[in-house]
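Report on the structure
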Amino acid sequence: MLLTIRLSHNLILINLILSYYLISDEVYAVTKDSLVVNVGGCHPIVVADLKPRGCHGITQCGALTSVRTGPQGVLLVVDANRGLFQINTKSGKV
């Protein structure tokens, strides 16, 4: 699946959704390019970008594999190379 997101005047292409999780009317997805995206509304919203700056290759950039909900409504995102992330869906804080 390929999504196109417009942020200001820039287009962000999101490719290959690897996993998704439903929370009421919200649909959170993790992508091959290390983004956590809410695709539940009319316009997809990037919640967090988990790719470190300047990374090269899957070992440094990570490989997101799944997303689930955790305590207090945070998202738990598993990266096969970099471990477990907790993400606040409202603020995007990792």
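My aim in this report is to walk through the structure given alongside it, one point at a time. Small disclaimer: the values here were computed from a predicted structure and weren't measured. Here the residue numbering is sequential within each chain, running from 1 through the sequence in written order. Whole-chain, interface and lining totals are the exception, using all residues; otherwise, since this is a predicted model, local features are given only for residues with pLDDT of at least 70 and side-chain atom pairs are given and counted only at 80 or more. Excluded from the side-chain calculation are hydrogens and water; included are all heavy atoms of the structure.

The helix and strand labels rest on DSSP assignments: H or I over at least four residues marks a helix, E over at least two residues marks a strand, and numbering proceeds from the N terminus. Along the backbone of the chain there are one helix and nine strands. Taken from N to C terminus, the helices and strands of the chain fall in the order β-β-β-β-β-β-α-β-β-β. For each residue, the accessible area found with a 1.4 Å probe, counting protein chains only, is set against the maximum for its type, and the residue is called buried under 20%, exposed over 50%, and partly exposed in between. Out of the 94 residues belonging to the chain, those deemed buried represent 36%. Every residue pair with non-hydrogen atoms within 4.5 Å of one another is taken to be in contact. Taking all contacts inside the chain whose residues are at least 6 apart in sequence as the whole, residues at least 24 apart take part in 26%. Note on areas: these come from Shrake-Rupley sampling with a 1.4 Å probe, and a residue is covered only by the protein chains present in the view. Carbon and sulfur atoms provide 55% of the accessible area of the chain, an area that totals close to 6000 Å².

Two cysteines joined by a covalent bond between their sulfur atoms form a disulfide. Criterion for a disulfide: a pair of cysteine sulfur atoms at a distance within 2.5 Å. Inspection of the entire model under this criterion finds one disulfide. Through a disulfide, C55 is tied to C61; the S-S separation comes to 2.1 Å. Between C55 and C61, the S-S torsion sits near 105 degrees, and that sign places the bridge as right-handed. Residue class for C61 comes out buried when judged on its relative accessible area of 12%.

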